[in-house]
Amino acid sequence: SAIKNSNLNLPPRRITLNLAPADLPKNGSGFDLAMAVSLLLASKQIAAIPQNSAFLGELGLDGTTRPIPGILSATQFCKETGITELYVSASVAPQAALIKGINIYPVNDLFELYRHLIGEKIILPIMPTRLDSSVTTAEIDLNEIYGQAQAKRAIEIAASGNHNILMSGPPGSGKSMLAKALVGLLPAPTYSEALEITKIHSVAGVTDNSIVSNRPYRNPHHTASNIALIGGGQWPKPGEISLAHRGVLFLDELPEFPRSVLEVLRQPLEEGRVTISRANSSQVYPAKFLLVAAQNPCPCGYSGDPDMACSCSPAQVQRYGSKISGPLLDRLDLVVNV
């Protein structure tokens, strides 16, 4: 349909397209542009394609190109395998241009690419994208928080030394607000760190094709599953711990998370990466994050509060605290009462 609607000809016969290697399962729409160019080349509508070139993009039925996830990682791979010219959807071209040493050609539609390949109207490569990561923005500034001197000192230490921290206190004491302020204390990411962050977010498909130049702040709900937290699925994708790479992962109401979900954090916290193994593939995603956790001291939340009386029995308080295992607590460097 894209070829016909671009005023080009589709050979009126059965066509077989081979995506080698055949034994590797493939998913996604990023092959559309390359398959269309192959058809035009096989049907002699274009004479040749540039040497060491590659084509990545989804095609709409009208021939326009659409963005694909993971363009930054794909561009890096193309460069490493000797590709010198990469033709991609125009909307993701600035992100692909972050990789230096490869020419990126923005393609708006299939007919525009056809005219370029026959030499009728040349597409110019875009200039390498400059990354502005001079400022790390935060939703809340630490100066806006009054009181809580001990807790503020604790998150300053956590930010400066990249220490995992657990805050315990009654509802409304400011635990979530302190966690949001912590990301603003972190230094701006370096160029290489910003590339890592953008690659992960691009692969996961959670960006609007922009460049991630700030440290991420992820706050999954306590109903999140193992796969949502560490990644995986039928076609493995990064989870919340990888999306928080080089940033902050905030787990509010920590004891409310299922214990099986919390236990999967132990290995990534130790190694800084997570390995997703499936029957047909194995993926390794980076997961170097600063863990910030918050909890109430008991089920009702008011154990030890000077103003509100606690309605929980000692057994309930003990059972509530035991939901977090010793090995996980051992990986939390700071524990502070708020």
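The structure we're discussing is the one just above.
All of the points below concern the structure found in this document. Bear in mind the structure is a predicted one, so any value in this text is a computation, not a measurement.

## Some remarks on the overall build of the protein chain
Stage number 1. Check the secondary structure of the protein chain and you find 14 helices and 14 strands.
Stage number 2. By the compact-globule yardstick of 20 Å for 338 residues, the protein chain is too spread out, its C-alpha radius of gyration being 25 Å.
Stage number 3. Its C-alpha atoms give the protein chain principal-axis dimensions of roughly 80 × 40 × 30 Å.
Stage number 4. Sequence-distant contacts in the protein chain: of pairs separated by 6 or more residues, those separated by 24 or more amount to 70%.
Stage number 5. Put simply, the protein chain shows about 17,300 Å² of open surface, and 51% of that area lies on carbon and sulfur atoms.
Stage number 6. Positive and negative side-chain charges in the protein chain, numbering 28 and 28 respectively, have mean positions lying 7 Å apart.

## Structural notes on the pairing of strand E10 (residues 248-251)
Remark: a regular strand shows side chains that alternate across the two faces of the sheet.
Stage number 1. Burial along E10 is two-sided: the residues Val 248 and Phe 250 and Leu 249 and Leu 251 are all buried.
Stage number 2. Two elements, strand E7 (residues 217-218) and E10, share two bridges in a ladder whose sense is parallel. Residue Arg 218 lies in a different strand from E10, and its bridge partner there is Leu 249.

## Side note on the side chain of Glu 240
Stage number 1. Tracing the backbone through its elements, the reader meets Glu 240 in helix H10 (residues 240-243).
Stage number 2. When near neighbours in sequence (up to four residues on either side) are disregarded, Glu 240 contacts Arg 218, Pro 220, Ala 228, Leu 229 and Leu 249.

## Observations concerning the pattern of salt bridges
Stage number 1. What the rule picks out here adds up to 10 salt bridges.
Stage number 2. A network of salt bridges, in which partner residues are shared, links Glu 193, Glu 196, Arg 215 and Arg 246.

## Concerning the packing of helix H3 (residues 71-80) against helix H8 (residues 191-204)
Stage number 1. Interaxial distance between H3 and H8 falls to 7 Å at its minimum, and their mutual angle equals 115 degrees. On the basis of the axis angle, H3 is roughly perpendicular to H8. Seen from H3, the contacting residues are Ile 71, Leu 72, Ser 73 and Gln 76; seen from H8, they are Leu 195, Thr 198, Lys 199, Ser 202 and Val 203.

## Description of helix H7 (residues 175-182)
Stage number 1. Turning to H7, its buried residues number three or more, namely Lys 175, Leu 178, Ala 179, Ala 181 and Leu 182. The buried residues of H7 all sit within an arc of 160 degrees when viewed along its axis, so they share a single face.

## Side note on the sheet that holds strand E4 (residues 85-89)
The strands making up a sheet associate through hydrogen bonds between their backbones, and the pairing can be parallel or antiparallel.
Stage number 1. An order of E1-E4-E5 is seen for the three strands of this open sheet, with the pairing classed as parallel. At either margin of the open sheet sits one strand with a lone partner, and together these are strand E1 (53-56) and strand E5 (103-107). The average undirected angle you get between the axes of adjacent strands in this sheet is 20 degrees.
Stage number 2. Pairing of E4 with E5, which is carried by five bridges, proceeds in the parallel orientation. The residue of E5 that forms the bridge with Tyr 87 is Tyr 105.
Stage number 3. In this fold helix H5 (residues 110-117) packs onto E1, E4 and E5, with an angle of close to 130 degrees to the strand it touches most, E5.

## Re the packing of aromatic side chains
Stage number 1. Counted under the stated rule, the structure contains four aromatic pairs.
Stage number 2. On the basis of an interplanar angle of 25 degrees and a centroid distance of 6.4 Å, the ring pair of Tyr 217 and Phe 250 is categorised as stacked. In this pair, Tyr 217 sits in strand E7 while Phe 250 sits in strand E10, placing the two residues 33 residues apart along the sequence.
Stage number 3. For Tyr 217, a relative accessible area of 25% puts it in the partly exposed group.
Stage number 4. Judged by its relative accessible area of 1%, Phe 250 falls in the buried class.
Stage number 5. Three or more aromatic residues joined by ring pairs form one cluster here, namely Phe 55, Tyr 87 and Tyr 105.
Stage number 6. Cation over ring: Lys 100 sits above Tyr 191, and NZ or CZ is 4.9 Å from the ring centre.

## Here's the deal with the sheet that holds strand E13 (residues 290-295)
Stage number 1. Taken together, the five strands give an open sheet; going across it, the order is E7-E10-E13-E6-E14, and neighbouring strands pair in parallel fashion. With partners counted over all chains shown, the strands left at the sheet margins are E7 and strand E14 (334-337), one partner each.
Stage number 2. Of the pairings in the sheet, the one linking strand E6 (residues 165-168) to E13 comprises four bridges and is parallel in character. Its bridge partner being in E13, Leu 166 is matched across the sheet by Ala 293.
Stage number 3. Against the sheet, helix H6 (residues 149-161) touches E6, E13 and E14, its axis set at about 165 degrees to E14.
Stage number 4. Sheet strands touched by H7: E6, E7, E10 and E13. Its angle to E13, the strand with the most contacts, is close to 170 degrees.

## Things to note about the state of the cysteines
Stage number 1. Applying the stated criterion across every chain yields a total of zero disulfides.
Stage number 2. Among the cysteines around Cys 298, which has no disulfide bond, Cys 300 carries the closest sulfur, lying 3.5 Å off.
Stage number 3. On the accessibility criterion, Cys 298 (0% relative accessible area) is buried.

Cut-offs and rules
Residues numbered from 1 in each chain as written. Predicted model: local features only at pLDDT ≥ 70, side-chain atom pairs only at ≥ 80, totals over all residues. Heavy atoms only, no water. Helix = DSSP H or I, 4+ residues; strand = E, 2+ residues; numbered from the N terminus. Rg over C-alpha atoms; globule rule 2.2 N^0.38 Å. Contact = heavy atoms within 4.5 Å. Areas by Shrake-Rupley, 256 points an atom, 1.4 Å probe, with all protein chains shown as cover. Lys, Arg positive; Asp, Glu negative; His and termini not counted. Charge placed at Lys NZ, Arg CZ, Asp CG, Glu CD. Buried < 20%, exposed > 50% of the residue type's maximum accessible area, 1.4 Å probe, protein only. Pairing = 2+ DSSP bridges. Salt bridge = Lys/Arg side-chain N within 4 Å of Asp/Glu carboxyl O. Axes fitted to C-alpha atoms, helices over the stretch in contact; angles between N-to-C directions. Parallel < 35°, antiparallel > 145°, perpendicular 65-115°, else oblique. Arc of directions from axis to C-beta. Phe/Tyr/Trp six-rings, centres within 6.5 Å; stacked < 30°, edge-to-face > 60°. Lys NZ or Arg CZ within 6 Å of the ring centre and 35° of its normal. Disulfide = S-S within 2.5 Å.

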